[in-house]
Amino acid sequence: MPSLADALATELEKRIPDGYSQIETIFFGGGTPSLLPREVWKKLAKRVAEVAGTQLVEWSIETNPRTFDERKAEEWLESGVTRASLGVQSFDATVLETLGRDHSSDEASESARVLKNAGFAKVSLDLMFAIPGQSLDSWRASLEQAIALEPDHISTYNLTYEEDTEFLSRFEEGEWSQDPDRDAEYFALAHEVLESAGFEHYEVSNYAKPDSRSLHNQAYWSGADYLGIGPSAVSTICGERSKNVANTETYVEMVAKVGHALDEVEILSEEDQRLERVALGLRTQTGLPVPEFDGEFLKHLSDENLIVVAEGRVRLTLSGMMVADEIAGYLV
């Protein structure tokens, strides 16, 4: 039977739509691709690079501490990868234990240095806040330790309680709780600390040094088409949304037989696409054109200091960013 790597490459080759002969960005994640053995990576990356063509401007890879060394990082660069996203989450030992992470603060720092030493000019660190037991001082310390490692990009995510996780079970049992006001304090602190360090808050959860925004994510937030490859991967192309089967073995078998592993297909109406464009675009510093919205409601949001209307566009204030999803829900 073909390997998962073979299936990924084959699906990519088979599913490039007509008129999409050049790929501009790649984000290789959704799991821990840094765990792939070197020979498997080289084989997969070679086929991906051949399909991508010469217009590729950004290729990101998701990594976790302790899953790679400098030689492996160098091989990613040699294959064409341009950007690494490192899932640190925290530099606090207690918080890392709560999250079930298997790396220490020192190992996270060392992994960031390994990427830099290998030659990565673009390194992003992922951090999480509002974690049970995490104090504001702990959160500040993690932000400052991340800054000290000199990444060009930092993503900060509010802990969410998702289905079928231990976090949700402990939340439902009353062991843990959510407090929007407390979450807002963490959010505001990240904004204060990171902007003071020269990072631009260009999307609700993302900060970048000059010329270091994630091109792939920006395309997604603007409503550009994207092709998802692999088990459970989602694609949106020409108004059609599709999702692959979740089971890895079934995925590999289907790709070998028919060149894809589609499980669900949905045709998005123009209104569906507009609503998504509003929900995603509103989260960005660029904002959205004023004509998208009702003028009276915009005035109300402006009076509440949740948005700024300027140069024909609607942008969220810092207070608005804290409730971005709620505002988007009202606006659509």
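This one's a predicted model, so the numbers in the text were calculated from it and none came from an experiment.

**Considering the pattern of salt bridges**
Any two side chains of opposite charge can pair, given that their charged atoms come close.
Then step 1. Scanning all chains against the criterion turns up 21 salt bridges.
Then step 2. The residue Arg47 makes a salt bridge to Asp6 at a minimum N-O spacing of 3.9 Å. On the criterion of sequence distance, the pair formed by Arg47 in helix 2 (residues 38–52) and Asp6 in helix 1 (residues 4–15) is long-range, its members being 41 residues apart.
Then step 3. The partner of Arg71 in a salt bridge is Glu74, and the shortest N-O contact between them spans 3.1 Å. Taken together, the residues Arg71 and Glu74, both in helix 3 (residues 70–79) and 3 residues apart, mark about one turn of the helix.
Then step 4. Judged by its relative accessible area of 36%, Arg71 is partly exposed.
Then step 5. Here the salt bridges share partners, and the residues they tie into one network are Arg38, Glu39, Lys42, Asp69, Arg71, Glu74, Glu75 and Glu78.

**Focus on the side chain of Thr25**
Then step 1. Topologically, Thr25 is positioned in strand 1 (residues 25–28).
Then step 2. By relative accessible area, Thr25 is classed as buried at 19%.
Then step 3. A distance of 2.8 Å separates polar atoms of two side chains, one belonging to Thr25 and the other to His216.

**Details of the layout of surface pockets**
Then step 1. There is about 220 Å³ of room inside the second largest pocket.
Then step 2. Considering the residues around the second largest pocket, the lining is formed by 14 residues, among which Gly223, Thr236, Arg241, Gln273 and Glu276 are closest to the centre.
Then step 3. Among the elements that line the lining of the second largest pocket, the one with the most residues is helix 11 (residues 270–281), at 4 residues.
Then step 4. Residues of the lining of the second largest pocket, tallied by class, amount to 5 nonpolar, 5 polar and 4 charged.

**Topic: the pairing of strand 4 (residues 122–129)**
Then step 1. For strand 4, the tally of buried residues reaches 7 of 8 residues, placing the bulk of the element in the interior.
Then step 2. Relative to strand 4, strand 3 (residues 83–89) runs parallel, the two sharing 6 bridges. Following the sheet pairing, Arg83 is matched in strand 4 by Lys122.
Then step 3. Across 6 bridges, strand 4 lies against strand 5 (residues 153–158) in parallel orientation. Its bridge partner being in strand 5, Asp126 is matched across the sheet by Ser155.
Then step 4. Tracing the backbone out of strand 4, into helix 6 (residues 136–148) and back to the parallel element strand 5 gives a crossover that is right-handed.

Parameters and conventions
Residues numbered from 1 in each chain as written. Predicted model: local features only at pLDDT ≥ 70, side-chain atom pairs only at ≥ 80, totals over all residues. Heavy atoms only, no water. Salt bridge = Lys/Arg side-chain N within 4 Å of Asp/Glu carboxyl O. Helix = DSSP H or I, 4+ residues; strand = E, 2+ residues; numbered from the N terminus. Buried < 20%, exposed > 50% of the residue type's maximum accessible area, 1.4 Å probe, protein only. Polar contact = N/O pair within 3.5 Å; in protein donor to acceptor, adjacent residues only side chain to side chain. 1 Å grid on protein atoms, 1.4 Å probe; cavity = no way out; pocket = protein on both sides within 12 Å on 5 of 7 lines; lining within 4 Å. Points joined across faces, edges and corners; volume = space filled by probe spheres on them. Nonpolar A, V, L, I, M, F, W, Y, C, P; charged D, E, K, R; others polar. Pairing = 2+ DSSP bridges. Right-handed = clockwise from strand over helix to strand, strands pointing away.

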